Amino acid sequence: MKLELNASMMCADFGSLASEINLLEEAGIDSFHIDIMDGRFVDNFAMSLCDLRYIARVAARPLDVHLMIEHPRVHIEKFLKLIRPGDTVYIHAESEYHPSTTLNRIIEAGMVPGVANNPCTSIESVKEIACIAKKVMVMMVDPGEAGRPYLPFVSDKIKRLVDLKESLGIKIYLDGACNDSRILSYARLGVDGFVLGTNALFNGNRDYISKMGNLRNLARL
């Protein structure tokens, strides 16, 4: 199984963002994860439409756009017009009265629909809309800020989702506190990909080729 590794650009060095993107692509990153936060759905403000526009222009690899915002249906067109067919857009089921409407609009625009699942949100919300979503991203930390602690109780939910993966027709990704040991453990379990932030990628050393190589090797152990 090819392990998908996605760079959490919220954690990148914005003083040399173009260089970061180039180095990550040279290292073989699979996609660029863009966290959009509105200060309401989560208690923080993060990447903006301007950030998304710039990364979409500079990056050759696909984008993962994670909308941590209330009522994404109201604003979805603003995001869809900045990204490219084949890019992924995640929404949270609890952020929308009718998440299926927003997911179907993402599909109509030629994007890949995804559902993000907060640590304390039941997987039942995922099962109901898995016929629409192609990807499920489980948060292993409370969302809203880089570096928040891993919540061990999500492990059981991840295992149950992996057991349902084939019947639901989804891929499973993990976001938050993805360090080497958790990547090894969950990759062996059957998780398809990981969002890499301060634990595994953006920790001061920009030797992304070595880091990515080591992480790829974990999937082969």
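Residues numbered from 1 in each chain as written. Predicted model: local features only at pLDDT ≥ 70, side-chain atom pairs only at ≥ 80, totals over all residues. Heavy atoms only, no water.

As recorded in an unreviewed UniProt entry, the protein goes by the name Ribulose-phosphate 3-epimerase, listed as coming from Pseudobutyrivibrio ruminis.

Mapped onto the fold, Tyr-173 is located in strand β7 (residues 171-175). Considering only alpha carbons, one finds Tyr-173 and Val-138, 35 residues apart in sequence, at a separation of 6.2 Å. In this structure the side chain of Tyr-173 is engaged in a polar contact, spanning 3.0 Å, whose partner is the side chain of Glu-4. (Helix = DSSP H or I, 4+ residues; strand = E, 2+ residues; numbered from the N terminus. Polar contact = N/O pair within 3.5 Å; in protein donor to acceptor, adjacent residues only side chain to side chain.)

Tallying each qualifying case throughout the model produces one aromatic pair. Ring centres of Phe-202 and Tyr-208 lie 5.8 Å apart, and the angle between their planes is 75 degrees; on these two criteria the pair is classed as edge-to-face. Sitting over the face of the ring of Tyr-150, Arg-182 holds its NZ or CZ atom 4.0 Å from the ring centroid. (Phe/Tyr/Trp six-rings, centres within 6.5 Å; stacked < 30°, edge-to-face > 60°. Lys NZ or Arg CZ within 6 Å of the ring centre and 35° of its normal.)

Taken as a whole, this structure holds 13 salt bridges when the rule is applied. Residue Lys-2 pairs with Asp-30 through a salt bridge whose shortest N-O separation is 2.6 Å. Of this pair, Lys-2 sits in the segment before β1 (4-8) while Asp-30 is found in the loop between α1 (17-27) and β2 (31-37), placing the two residues 28 residues apart along the sequence. A salt bridge links Glu-4 to Lys-171; the nearest nitrogen and oxygen atoms lie 3.3 Å apart. Taken together, the residues Glu-4 in strand β1 and Lys-171 in strand β7 connect sequence positions 167 residues apart. Under the relative-accessibility criterion, Lys-171 is labelled partly exposed at 39%. (Salt bridge = Lys/Arg side-chain N within 4 Å of Asp/Glu carboxyl O. Buried < 20%, exposed > 50% of the residue type's maximum accessible area, 1.4 Å probe, protein only.)

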